[in-house]
Amino acid sequence: MLQPSKTKWRKQQKGKRRGKAYRGSDLAFGDVGIMATACGWTTARQIEASRIAIARHIKRGGKVWVRIFPDKPLTKKPLETRMGKGKGSPESWVAVIKPGRILFEIEGMEEPVAREAFRLAGRKLPIPTKVISRREEV
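The structure contained in this document is the topic of the report that follows. Position labels on residues start from 1 in each chain and follow its written sequence. This being a predicted model, a pLDDT of at least 70 is required before a residue's local features are given, and a value of 80 or more before pairs of side-chain atoms are given or counted; all residues contribute to the totals for chains, interfaces and linings. Just so you know, side-chain values use all the structure's heavy atoms and leave hydrogens and water out.

1. Here's the deal with the overall build of the chain
Numbering of helices and strands runs from the N terminus, with a helix taken as a DSSP run of H or I at least four residues long and a strand as a DSSP run of E at least two residues long. Check the secondary structure of the chain and you find three helices and seven strands. Sequence-ordered secondary structure for the chain, helices as α and strands as β, is β-β-α-β-β-β-β-α-β-α. Projected onto the principal axes, the alpha-carbon positions of the chain cover approximately 55 × 30 × 25 Å. Classification of the 138 residues of the chain by burial places 36% in the buried group. Accessible surface for the chain amounts to roughly 9300 Å². Of this, 50% is attributable to carbon and sulfur atoms. For this count, His and the chain ends are skipped, Lys and Arg are scored as positive, and Asp and Glu as negative. Each charge is placed at NZ for Lys, CZ for Arg, CG for Asp and CD for Glu. For the chain, the distance from the average position of its 32 positive side-chain charges to the average position of its 13 negative side-chain charges is 12 Å. For every residue, the accessible area (1.4 Å probe, protein chains only) is compared with the maximum for its type, and the residue is labelled buried under 20%, exposed over 50%, or partly exposed between those bounds. All accessibility values rest on the Shrake-Rupley procedure with a 1.4 Å probe; residue burial counts only the protein chains present in the view.

2. Looking at the packing of helix α1 (residues 44-58) against helix α2 (residues 111-123)
A pair of packed helices is captured by two measures, namely the crossing angle of their axes and the spacing between those axes. With axes taken as lines fitted to C-alpha atoms, and helix axes fitted only over the stretch in contact, angles between N-to-C directions fall between 0 and 180 degrees. For the pair α1 and α2, the least separation of the axes is 8 Å and the interaxial angle reads 150°. Comparing the axis directions of α1 and α2 gives the class roughly antiparallel. The interaxial crossing formed by α1 with α2 has right-handed handedness. Contacts from Ser50, Ala53, Ile54, His57 and Ile58 in α1 reach Val113, Glu116, Ala117, Phe118, Leu120 and Ala121 in α2. Throughout, the ten residues Ala, Val, Leu, Ile, Met, Phe, Trp, Tyr, Cys and Pro are labelled nonpolar, Asp, Glu, Lys and Arg are labelled charged, and all others, Gly among them, are labelled polar. Split into classes, the residues belonging to the contact of α1 with α2 amount to eight nonpolar, two polar and one charged. Here is the rule for angles: anything less than 35 degrees is roughly parallel, anything more than 145 is roughly antiparallel, 65 through 115 is roughly perpendicular, and the remaining ranges are oblique. Left-handed describes a crossing whose near helix is turned anticlockwise from the far helix through less than a right angle; right-handed describes the clockwise counterpart. Note on contacts: a residue pair is in contact if any heavy atoms of the two residues lie within 4.5 Å.

3. Some remarks on the sheet that holds strand β5 (residues 89-97)
A pair of strands counts as paired when DSSP detects no fewer than two bridges linking them. In spatial order, the strands read β2-β5-β4; together these three strands make up an open sheet with antiparallel pairing. Of all the strands in the sheet, just β2 (40-43) and β4 (72-76) have a single pairing partner and so form its edges. Taken pair by pair, the neighbouring strands of this sheet meet at an average axis angle of 50°, ignoring direction. Here β2 pairs with β5 via four bridges, running antiparallel. Bridge pairing in β5 places tryptophan 41 opposite valine 96.

4. A closer look at the nonpolar core
Residue types Ala, Val, Leu, Ile, Met, Phe, Trp, Tyr and Cys, when buried and joined through side-chain atoms within 4.5 Å, form a set referred to as a nonpolar core. Counting residues in each nonpolar core, the largest one holds 20 residues, and the members touching the most others are Ile54, Ile97, Leu103, Phe104, Ile106 and Phe118. Put simply, the parts of the chain that give this core at least two residues each are β1 (32-36), α1, β5, β6 (102-107) and α2. Broken down by element, this core gets its largest block of residues, four residues, from α2. Non-local contacts of leucine 103, meaning those with residues more than four positions away in its chain, are made with Ile34, Ala36, Trp65, Val66, Arg67, Ile68, Ile97, Leu125, Ile127 and Thr129.

5. Observations regarding the pattern of salt bridges
Throughout this description, the term salt bridge denotes a Lys or Arg side-chain nitrogen within 4 Å of a carboxyl oxygen of Asp or Glu. Taken as a whole and judged by the stated rule, the model has five salt bridges. Here aspartate 31 ties to arginine 134 by a salt bridge, and the two come within 4.0 Å at their closest N and O atoms. Separated by 103 residues along the polypeptide, aspartate 31 in the segment before β1 and arginine 134 in helix α3 (residues 134-137) bring together distant segments of the chain. By relative accessible area, aspartate 31 is classed as partly exposed at 34%.

6. What to know about the sheet that holds strand β3 (residues 63-66)
The strand order across the open sheet formed by four strands is β3-β6-β1-β7, and the pairing between neighbours is antiparallel. In this open sheet, the two edge strands, each paired with only one partner strand, are β3 and β7 (129-133). Taking each pair of neighbouring strands and ignoring which way they run, the sheet shows an average axis angle of 20°. Relative to β7, β1 runs antiparallel, the two being bridged by five bridges. When the bridges of β7 are listed, isoleucine 34 appears paired with valine 131. α1 rests against β3 and β6 of the sheet, and its axis sits at about 20° to β6. Strands in contact with α2 are β1, β6 and β7; relative to β1, the strand with the most contacts, it is inclined by about 30°.

What is shown is where atoms sit, not what they do.
Laid out in structure tokens, this is it:
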């Protein structure tokens, strides 16, 4: 599972889910990519599940780039605990996703195969996505 090896602070605040992605919003490495169309959080498990779905569909062909990393800790209090007594301990890691952010990219595949792989990967993610290609951008 993806998670940072070291962080400056153990716990973070939730923050606001608004705005657009200005960084990471263009295809930088591959020819076809999957782009988020809404705000949300994606857990490390969801990123890994979608990466595995892509890898299984393309069958070791082409190269895949994962453009997001879960670096925000989510805390949770234990079950059946009364209110108060501070914030819970970190349970999982999430990546903050904004509309326009490129999540994955593929190079060296035919476009229909890459589009189908990204369609399968999009089903594993909690946010709506769309597939874009380099020839559509230009």
